[in-house]
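Read off the chains here:
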Amino acid sequence: MTRLMAVLTALLALLFSAALVLGPADIGPVESLRALVVDNGGALTLVMREIRLPRAILAVLIGASLGMAGAAMQGYLRNPLADPGLIGVSGSAAFGAVLSIQTGVAATVAFALPLSALTGALVGVFLVLSLAGPRGSSLTLILAGIAISALAAALTSLTLNLSPNPFAASEIVFWMMGSLADRSMTHVWIAWPLIALGGVLLASLARGLDALTLGEDAAEAMGISLKRLRLTLVFGTAAVVGASTAVAGAIGFIGLVVPHILRPFVGAKPGQLLWASALGGAIMLLVADIAVRVVLPSRDLKLGVLTALVGAPLFLHLIYKTRKEGL
Amino acid sequence: MRVFVLNFKSIVIAGLVATGPVMGLAEAPKRVVSVNLCTDQLAMLVAGPAQLYSVSELAFDPRGSAMAEQAKTYVPNGGFAEEIYLMQPDLVIAGSFSTPATTAMLRRLGVPVVVFDYASSLADIRDRLLQMGDVLGQPERAQMIVADFDAQLAAFQAEATTNPRAALYQANGYTSGDSTLAGQILIAAGFENIATEAGFPYGGFLPLEVLAMSQPDAIITSNPDAARSRAEEILSHPVVEALRETTGAGWFSDRDWVCGTPFVLNAIAATAKLRRQLEGDGS
């Protein structure tokens, strides 16, 4: 248990440092880390503090958000196919973000961007949970997710196509696939308060989710209020996914892959899976973001492309498995 | 800033002489429709009175078109084969970026279509002007404009001395190298282009870190559109802001930079002014 935590933390620290020293500009690792700590007033410090550091921090925050949200939803629905990207929560958040950018609200009101993404995410989570029911079967959950994703994607595309800005239409790819390229400390400040709030809400679900594995009646007998659990889950997920999507677009599959890999290590306890998935999600997104910089540095390969290449085959495998189990 | 002004006195006289045969046409076309922002402007410059009937809608937008005022005397078109056919033109002028489906359909319907290549150098501008003169049966007018363009351009080329290093930076972090029109404008204004050092002879996405590490003497960015987009957010990234503060900051206006027309002289003039300011600082 603590061994898993130690391994994950060590891996996270290692990848975080790697993310800081790797980049298109050819700078030695020692030199770049020194420039990060000591401000020499030169271009190097600028690159480290305003480009690489925010990018690495965002990868950790957003990866942790998506991993944790996936683990929480899977725990609540007791269904391994629940992932904020797949069931349309990220897509709805992206639509909220796009609306606030295109109407100009995001530029005038502080925190309007993450808050409108949060609103979009809330609508998405709420719709999915009401459509899928309290104990959503895989089929209704996935169908509801497909419908919400398609609708959100269509509305996002429509808004961007209607924009008078000549660049807006090409941004559809960013909102569907996600990227951390050229983010700045401004984006870290926009995202972290909501991610922290959502993270606390989701972490508070641990006991409830563990109790829920014994069944709803047993959980209620143990003093868990299911209504409150559900409300906390909805707001927590919407907060972390909304803030993440607002600054990095919709990145799918992290919430699906990470809990799936880590579940055996925590003895299938959804409460412990929450923090493990937070660490795991941060690791996965850091790896993906390092990969897009190393593999195709000049093309701004989207993060969602990589996560989908890993996640989609796993998704197919999970569908096959749930079918065999007769769900 | 000096502004490119056409010497119209001599051109009007030349325009009275219509010569043919041109591009397989028996005589100079009388009802011409242009469907591309750049050919719109070339056609407006070179066409004789009442010869040009319609230009594309983009030509009316002062952000991208240097001749938005002049365009108002023409009928706008959206570049769709159907509406163009109904205008009953005897010649359609398109750019190489116009949709092939549209030009192919117009040809099938029996409308002559001339496609102009994209200008990627200052010499190309002369060629396109002369080509437009041939196509419209106005070679003398075209030659007049070219002579004026050559004279003004020569003045800039005589002046460049120290060649400070500049970066062209546009939405999404796109930069233009020496083999593009924007790159040629930069060279004509007496700058060296950091895109070339970074290995972009044409154009490409210059990572923000590479931009910061190359430490240019000047940074020339596009002006963000009033309607916001994520693509242009990069132009207000703290790193770009820092570069603007510590180096010369220039602005890239689409209307003078995008199309191969004599209006690039305005872009060269503005950029050369930036260079003189840098030299004035003693840097």
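Since the structure is predicted, the reported quantities are computational estimates derived from the model, not experimental observations. (Residues numbered from 1 in each chain as written. Chains lettered and ligands numbered in written order. Predicted model: local features only at pLDDT ≥ 70, side-chain atom pairs only at ≥ 80, totals over all residues.)

The next thing to look at is the overall build of chain B. When its secondary structure is counted, chain B shows 13 helices and eleven strands. Burial status across chain B gives 51% buried among its 283 residues. Look at the contacts in chain B between residues 6 or more apart in sequence, and 62% of them connect residues 24 or more apart. (Helix = DSSP H or I, 4+ residues; strand = E, 2+ residues; numbered from the N terminus. Buried ≥ 20, exposed ≤ 12 C-beta atoms within 10 Å, placed from the backbone. Contact = placed C-beta atoms within 7 Å.)

Another point: the environment of B:Phe97. All names here are of chain B. Within the secondary structure, phenylalanine 97 is located in the loop between strand 4 (91-95) and helix 5 (100-108). A C-alpha to C-alpha distance of 33 Å links phenylalanine 97 and arginine 244, two positions 147 residues apart in sequence. Among all residues touching phenylalanine 97, those that are not within four sequence positions of it are Asn36 and Tyr118.

All names here are of chain B. The strand order 3-2-1-4-5 describes an open sheet built from five strands, whose pairing is parallel. Edge strands, defined here as strands with exactly one partner in the open sheet, are strand 3 (75-77) and strand 5 (113-116). Strand-to-strand twist in this sheet, taken as the mean axis angle between neighbours without regard to direction, amounts to 25°. Both strand 2 (residues 52-56) and strand 3 contribute to a ladder of three bridges, which runs parallel. By the bridge assignment, serine 56 is partnered in strand 3 with asparagine 77. Along the sheet, helix 5 makes contact with strand 4 and strand 5, crossing strand 5 at roughly 155°. (Pairing = 2+ DSSP bridges. Axes fitted to C-alpha atoms, helices over the stretch in contact; angles between N-to-C directions.)

What follows concerns the interface of chain B and chain A. Bring the parts together and some accessible area is lost; that lost area is often taken as the interface size. With 23 residues of chain B at the interface, the matching set in chain A holds 25 residues. Contributions of two or more residues to the side of chain B that touches chain A are made by strand 9 (203-205), helix 10 (208-214) and helix 11 (238-246) of chain B. When residues of the side of chain B that touches chain A are assigned to their parent elements, the largest contribution, five residues, is made by helix 10 of chain B.

Before going further, it helps to spend a moment on the sheet that holds strand 8 (residues 192-193) of chain B. Residues and elements named next belong to chain B. The four strands are arranged 8-6-10-11 in an open sheet whose pairing can be described as parallel. Strand pairing shows two members of the sheet lacking a second neighbour, strand 8 and strand 11 (248-252), which therefore form its edges. Pairing of strand 6 (residues 165-169) with strand 10 (residues 218-222), which is carried by four bridges, proceeds in the parallel orientation. Across the sheet, residue alanine 167 finds its bridge partner in strand 10, namely isoleucine 219. Taken strand by strand, helix 11 contacts strand 6, strand 10 and strand 11, and its axis lies near 130° from that of strand 10.

Residues A:Ala72, B:Ala43, B:Val46 and B:Ile185 are the most contacted members of the largest nonpolar core, which totals 196 residues. Per element, the largest residue contribution to this core is 22 residues, and it comes from helix 3 (residues 43-77) of chain A. When residues are assigned to domains, this core turns out to be shared by domain 1 (18-153) and domain 2 (161-280) of chain B, each giving three or more. When sequence neighbours within four positions are dropped, the list of residues in contact with B:Ile185 reads B:Trp257, B:Val264, B:Ala267, B:Ile268 and B:Thr271. (Core = buried A, V, L, I, M, F, W, Y, C linked by C-beta atoms within 7 Å. Domains from an automatic or database assignment.)

What follows concerns the packing of helix 3 of chain A against helix 11 of chain B. Put simply, helix 3 of chain A and helix 11 of chain B touch, their axes get as near as 9 Å, and they point 145° apart. On helix 11 of chain B, the residues that touch A:Leu46, A:Glu50 and A:Ile51 of helix 3 of chain A are B:Pro238, B:Val239 and B:Ala242. Classifying every residue of the contact of helix 3 of chain A with helix 11 of chain B gives five nonpolar, no polar and one charged. (Nonpolar A, V, L, I, M, F, W, Y, C, P; charged D, E, K, R; others polar.)

Okay, the confidence of the model for chain B next. Residues and elements named next belong to chain B. Looking at chain B, pLDDT values average 86 and 88% of them are 70 or higher. Counted against residues more than four places away or in other chains, residues 7-25, with its pLDDT under 50, gives 35 contacts. Confidence estimates for the predicted assembly give a pTM of 0.86 and an ipTM of 0.82. (pLDDT = per-residue confidence, 0-100.)

Take the environment of A:Val98 next. All names here are of chain A. Note on placement: valine 98 falls in helix 4 (residues 89-102). The spacing of valine 98 and threonine 156 is 58 residues in sequence and 6.6 Å in space, taken between C-alpha atoms. Non-local contacts of valine 98, meaning those with residues more than four positions away in its chain, are made with Thr156, Thr159, Leu160 and Trp175.

The next thing to look at is the pairing of strand 2 of chain B. Residue and element names in this part refer to chain B. For strand 2, a buried count of five out of five residues is recorded, marking the element as mostly surrounded by other parts of the structure. Of the strand pairs in this sheet, strand 1 (residues 32-34) and strand 2 are connected by two bridges, and their pairing is parallel. Counterpart to valine 33 in the pairing with strand 2 is serine 54. Handedness of the crossover is the feature at issue here: the chain leaves strand 1, passes through helix 2 (residues 37-46), returns alongside strand 2, and the resulting connection is right-handed. (Right-handed = clockwise from strand over helix to strand, strands pointing away.)

All names here are of chain B. In this model, asparagine 172 sits at a positive phi of 65°, which is unusual for a non-glycine residue. Note that asparagine 172 resides in the loop between strand 6 and strand 7 (174-176). For asparagine 172, a count of 20 C-beta atoms within 10 Å puts it in the buried group. Positive phi, close to 45°, is recorded for glutamine 215, a residue that is not glycine. Residue position: glutamine 215 is located in the loop between helix 10 and strand 10. On the basis of neighbour count, glutamine 215 is assigned to the partly exposed category, with 15 C-beta atoms found within 10 Å.

Right, let's get into helix 6 (residues 122-135) of chain B. All names here are of chain B. In a regular helix each residue adds 1.5 Å, so 14 residues correspond to 20 Å; helix 6 covers 20 Å between its end C-alpha atoms and thus fits that length. Among all positions in helix 6, only Leu122, Ile125, Arg126, Arg128, Leu129, Gln131, Met132, Gly133 and Val135 are buried. Glycine 137 sits one or two residues past helix 6 and shows a positive phi near 70°. (Expected span 1.5 Å × (residues − 1).)

Let us look at the domain arrangement of chain B. Residue and element names in this part refer to chain B. Taken domain by domain, chain B consists of domain 1 (18-153) and domain 2 (161-280). Computed from C-alpha atoms alone, the centre-to-centre distance between domain 1 and domain 2 is 29 Å. Listed by partner, the interface residues are 21 residues for domain 1 and 16 residues for domain 2. Top contributing element to the side of domain 1 that touches domain 2 by residue count: helix 2, with five residues. Looking at side-chain class alone, the side of domain 1 that touches domain 2 contains twelve nonpolar, six polar and three charged residues.

All right, on to helix 14 (residues 270-295) of chain A then. Residue and element names in this part refer to chain A. Taking 1.5 Å of rise per residue, 26 residues should cover 38 Å, and helix 14 covers 35 Å from first to last C-alpha, within 8% of that figure. At alanine 276, helix 14 is deflected by roughly 30°, the largest bend along its length. Counting buried residues in helix 14 gives 20 out of 26 residues, a clear majority hidden from the surface. (Bend = angle between axes of the 7 residues up to and from the residue.)

To continue, consider the pairing of strand 11 of chain B. All names here are of chain B. Where burial is concerned, the two faces of strand 11 differ: the one with Gly248, Gly250 and Phe252 is buried and the one with Ala249 and Trp251 is not. Of the pairings in the sheet, the one linking strand 10 to strand 11 comprises five bridges and is parallel in character. The residue of strand 11 that forms the bridge with isoleucine 220 is glycine 250.

We now examine the environment of A:Ala211. The topology assignment puts A:Ala211 in helix 10 (residues 206-212). Taking the C-alpha atoms as reference points, A:Ala211 and A:Leu262, 51 residues apart in sequence, are found 19 Å from one another.

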